[in-house]
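# Observations on the three-dimensional arrangement
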Amino acid sequence: MYQESPAQKKPAKTSKSTLTEVKPVPPEVSYTVSMSKPSTHLLEVEMRVAWTQMPDKTELKMPVWTPGSYLVREYARHVQAFAAKDATGGDLKWRKTSKNTWQIDSKGSKEFTARYQVYSNELTVRTNELNDDHAFWNNTALLFFVKDHLTIAPTVRVIPFGNWNVATGLPTVSGSENTFRAENYDVLYDSPFEVSNFTEIKFDVLGKPHRYVISGEGNYDPKKLAADTTKIIEESHKIFGDLPYNDYTFILNLRGGGGLEHLNSTALQANRFGFKPDTRYKSFLGLVAHEYFHLWNVKRIRPDALGPFDYENENYTKLLWVAEGATEYYSNLILMRAGLITAGEFLAERATGIQKLQERPGRFETSLEEASFDAWIKYYRTDENAVNNQISYYDKGEIVNMMLDMTIRSSSGGAKSLDDVMRYLYAEFSKRNRNFTPEAYQKVSEMMAGKSLDDFFVKYVRGREEIDYNSILGGLGLALKSGENTGGRSYLGNDSADGSLTIRALPALGVDLGEESGKLTVRAIIAGSGAHAQGLNTGDQIVAVDGYRATQNFVQSYFAEKSANNRVRLTIFRFDKLRDIEMTIGSNIRRGFVFSPVAEPTELQQKLYRSYFNADL
């Protein structure tokens, strides 16, 4: 408000003129995405900005990351051939003012068009790919936004190559072919596109249309895929009581691997022949269940910093262990409830997860909250020392959420569970458009347990203490038992992405090895192991053991015959210099875990077990 100073005050006069405030008018933005030459891998974008209050200079920005994948990825590095023209086709001057900002001299214009190309040759769920087979893109990696105008409703028109079809979760614009509208940029950036001669599998669940859009040929069974996905949707619905969308699209590319969650769609990638045998198919269903459950947990039940988003900077939160860990826990729980895996399979996988956690010295160095907060600099950038100073908020998050669920069940006598925590967060936070905090997650968990859980959260969430599994599992009549595993043999892993063969561990020495082109190389060393104490380094190439040429088969069999405290001589190349290292073999033991029923379960233990597993103890 303007107020005159005493010296300026004058007798009031009647005036016919009044001061009217000019209300800001946002821009109207529309995009056209073309792909005229797929072999060039260049997606062509035309961004039209119409603005009655056009400023002298307009800043266009590209996101640097995509929600659901917590790493600054610098999408602007793929932009090329940028140009700007006014409504008459005249060139407008422009300049880059930061890594992801293009500033246009728009003075005097009511409309301008920015044209640019984006090199798209990386098929992941968070990037773009264009080739002779298809186009897939994530809008954060393709479309600019006008600075400070993320709440407007843009449209996207797609001009497909040839006779390709277009699929996305966005609603269509009536009367306009292949044109879609987003209510704001959080929705636009949450809606990937697939453009190709894809296969479409349609099915209805609880009165709402669902579909798979599948690019590529594979050994999947369409009817079984639809039927099993229906079971996943129905079991998820039982937790929350509604399906918060009009329709849902599963975009599935039969190359690569992984998934990324969205409001009414998900982007999935899987091996084209990864639907058989049954174990591989169940693993794929776990991916489907994980990304689908995210439509509640993360997309609507939002951790403190995750929405509305800052697309130019890191969005820090301590809750990724809930966002991802709880979602991973529920993905497996839902498969079990749906009858897609057995209780035995569920427990066996959780036992394997516990074993992997127990093999990481990093569990004593990083808490779940720390791992969540530091995801931006650590999770996607692991190095050879990660096993010693980091944990995964996915893996430990799943385990701790399972232990939290069992704690709530035991403490409430079976009246409540983690389902009730999720339902409460959905009703009281999501539906009231509020984000939840770490304190809220603990408070709601305590509300359902009927007691303080501060000790649990201090030790296992904010702290780094060893999890006392049996004190928690005992409430459901279970015990976790450990035993010796294969007497110190090395464990042969799967082929890695770069074509090398990885020996996951050599417990006798405490190392992870990799073999490529016949060369055995130390990839990682476990803190406190014999290798760590006796001078082996990551990057060392093992040439021979006790004078015998080192191959992966020889190393496996040779160390299997050794016992703790035996001595071995490793001949290695380090920085291209040959040398020998004398080492003493360690305990040679890798421990596995198994869940077992307690000897004489009480009625309450049997009741809680039956409620959890839908089976008798």
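Rules used in this analysis
- Residues numbered from 1 in each chain as written.
- Predicted model: local features only at pLDDT ≥ 70, side-chain atom pairs only at ≥ 80, totals over all residues.
- Heavy atoms only, no water.
- Helix = DSSP H or I, 4+ residues; strand = E, 2+ residues; numbered from the N terminus.
- Buried < 20%, exposed > 50% of the residue type's maximum accessible area, 1.4 Å probe, protein only.
- Areas by Shrake-Rupley, 256 points an atom, 1.4 Å probe, with all protein chains shown as cover.
- Contact = heavy atoms within 4.5 Å.
- 1 Å grid on protein atoms, 1.4 Å probe; cavity = no way out; pocket = protein on both sides within 12 Å on 5 of 7 lines; lining within 4 Å.
- Points joined across faces, edges and corners; volume = space filled by probe spheres on them.
- Nonpolar A, V, L, I, M, F, W, Y, C, P; charged D, E, K, R; others polar.
- Phe/Tyr/Trp six-rings, centres within 6.5 Å; stacked < 30°, edge-to-face > 60°.
- pLDDT = per-residue confidence, 0-100.
- Pairing = 2+ DSSP bridges.
- Axes fitted to C-alpha atoms, helices over the stretch in contact; angles between N-to-C directions.
- Parallel < 35°, antiparallel > 145°, perpendicular 65-115°, else oblique.
- Left-handed = near helix turned anticlockwise from the far one by under 90°.
- Arc of directions from axis to C-beta.
- Salt bridge = Lys/Arg side-chain N within 4 Å of Asp/Glu carboxyl O.

### Points about the overall build of the chain
- Along the backbone of the chain there are 15 helices and 29 strands.
- Seen through its C-alpha atoms, the chain measures out along the principal axes to roughly 100 × 65 × 65 Å.
- Looking at the chain as a whole, 53% of its 617 residues qualify as buried.
- Just so you have it, the chain exposes about 28,300 Å², and 47% of that area is on carbon and sulfur atoms.

### Overview of the environment of Lys107
- With respect to the element layout, Lys107 can be found in the loop between strand S6 (101–105) and strand S7 (111–119).
- Sequence separation between Lys107 and Asp56 is 51 residues; the distance between their C-alpha atoms is 3.9 Å.
- The contact partners of Lys107, leaving out residues within four places of it in the chain, are Pro55 and Asp56.

### Structural notes on empty space enclosed by the protein
- Taken as a whole and judged by the stated rule, the model has two cavities of 30 Å³ or more.
- If you add up the space inside the largest cavity, you get close to 40 Å³.
- Tallied by class, the residues present in the lining of the largest cavity amount to six nonpolar, one polar and two charged.
- Quantified by volume, the second largest cavity comes out at close to 30 Å³.
- Around the second largest cavity sit Leu319, Trp321, Glu369, Pro438, Tyr441, Gln442, Phe457, Val461 and Arg462, which together line it.
- Ranked by residues supplied to the lining of the second largest cavity, first place goes to helix H10 (residues 438–449) with three residues.

### Here's the deal with unusual backbone geometry
- With omega at 0°, the peptide bond leading from Lys276 into Pro277 counts as cis.
- In this structure, Pro308 follows Gly307 across a cis peptide bond, with omega equal to -10°.
- Position of Pro308 relative to the elements: it lies in the loop between helix H3 (278–293) and helix H4 (320–337).
- Look at Asp148: it is not a glycine, yet its phi comes out positive at around 70°.
- Topologically, Asp148 is positioned in the loop between strand S10 (145–146) and strand S11 (155–159).
- For Asp148, a relative accessible area of 66% puts it in the exposed group.

### A closer look at the packing of aromatic side chains
- One pass over the structure, following the stated rule, counts 52 aromatic pairs.
- Residues Tyr393 and Tyr394 carry aromatic rings whose centres are separated by 5.2 Å and whose planes lie at 25° to one another, so their mutual orientation is stacked.
- You can call Tyr393 buried: its relative accessible area is 1%.
- Put simply, the rings of Phe203, Tyr212, Phe240, Tyr245, Tyr248, Phe250, Tyr292, Phe293, Trp296, Tyr329, Tyr330 and Tyr426 pair up and form one aromatic cluster.

### Quick look at the confidence of the model for the chain
- Per-residue pLDDT for the chain has a mean of 91; in total, 92% of the residues score no lower than 70.
- In the predicted structure, residues 1–11 sits below a pLDDT of 50 and forms three contacts with residues beyond four places in sequence or in another chain.
- Low pLDDT (under 50) marks residues 485–505, which in the prediction has 60 contacts with non-local residues, meaning those over four places away or in another chain.

### Observations regarding the sheet that holds S7
- Sheet architecture is open: six strands sit in the order S4-S7-S2-S1-S11-S13, paired in mixed fashion. Every interior strand has two partners, whereas the edge strands, strand S4 (79–86) and strand S13 (179–181), have only one. Averaged over all adjacent pairs, the angle separating strand axes in this sheet is 15°, with direction ignored.
- Where strand S1 (residues 28–34) lies against strand S2 (residues 42–50), seven bridges are found, and the strand directions are antiparallel. Paired with Val29 across the strands is Val49, a residue of S2.

### Re the side chain of Ser596
- Note that Ser596 resides in strand S29 (residues 590–597).
- Its relative accessible area of 15% is what places Ser596 among the buried residues.
- Beyond its immediate chain neighbours, meaning those up to four positions away, Ser596 contacts Gly477, Leu478, Ala479 and Lys481.

### Considerations on the pairing of strand S14 (residues 193–196)
- Neither face of S14 is exposed, since Phe193 and Val195 on one face and Glu194 and Ser196 on the opposite face are all buried.
- Note: strand S9 (residues 134–137) against S14, four bridges, orientation antiparallel. Pairing of Phe136 across the sheet is with Glu194, part of S14.
- Pairing of strand S12 (residues 165–168) with S14 involves four bridges; the strand directions are antiparallel. When the sheet's bridge partners are listed, Ala167 is paired in S14 with Glu194.

### Some remarks on the packing of H4 against helix H9 (residues 418–430)
- Relative orientation of the contacting elements H4 and H9 amounts to 120°, with a least axis distance of 12 Å. When the axes of H4 and H9 are compared, the pair comes out oblique. Note that H4 runs across H9; the crossing there is left-handed. Contact residues: H4 offers Ala326, Tyr329, Tyr330 and Arg337, while H9 offers Leu418, Asp419 and Met422.
- The residue makeup of the contact of H4 with H9, split by class, is five nonpolar, no polar and two charged.

### Regarding the sheet that holds strand S15 (residues 199–205)
- The five strands are arranged S15-S16-S17-S19-S18 in an open sheet whose pairing can be described as mixed. Here the strands that pair on one side only, and so sit at the sheet edges, are S15 and strand S18 (258–261). Strand after strand, the sheet turns through a mean of 15° between neighbouring axes, direction not considered.
- Relative to strand S17 (residues 248–253), strand S16 (residues 208–215) runs parallel, the two being bridged by six bridges. The residue of S17 that forms the bridge with Ile214 is Leu252.
- The strands touched by helix H2 (residues 222–240) within the sheet are S15, S16 and S17, with S15 carrying the most contacts at an inclination of about 40°.

### Observations concerning the layout of surface pockets
- Roughly 750 Å³ of volume is contained in the second largest pocket.
- What lines the second largest pocket is a set of 29 residues, and nearest its centre among them are Glu183, Asn184, Asp186, Val187 and Leu263.
- Looking at side-chain class alone, the lining of the second largest pocket contains twelve nonpolar, nine polar and eight charged residues.

### Some thoughts on helix H15 (residues 603–613)
- Turning to H15, its buried residues number three or more, namely Gln605, Leu608, Tyr609, Tyr612 and Phe613. Seen from one end, H15 has its buried residues packed into an arc of 110°, which puts them on one side.
- Positive backbone phi, at 55°, marks Asn614, one or two positions downstream of H15.

### Overview of the pattern of salt bridges
- Under the counting rule described, the total for this entry stands at 31 salt bridges.
- Arg337 is the partner of Asp419 in a salt bridge, and the nearest nitrogen-oxygen pair spans 3.1 Å. Here Asp419, found in helix H9, pairs with Arg337, found in helix H4; they are 82 residues apart in sequence, far enough to count as distant.
- Across the pair Glu370 and Arg464 runs a salt bridge, and its minimum N-O distance is 2.7 Å. In this pair, Glu370 sits in helix H6 (residues 368–373) while Arg464 sits in the loop between helix H11 (454–460) and helix H12 (469–473), placing the two residues 94 residues apart along the sequence.
- According to the relative accessible area criterion, Glu370 is partly exposed, its value standing at 30%.

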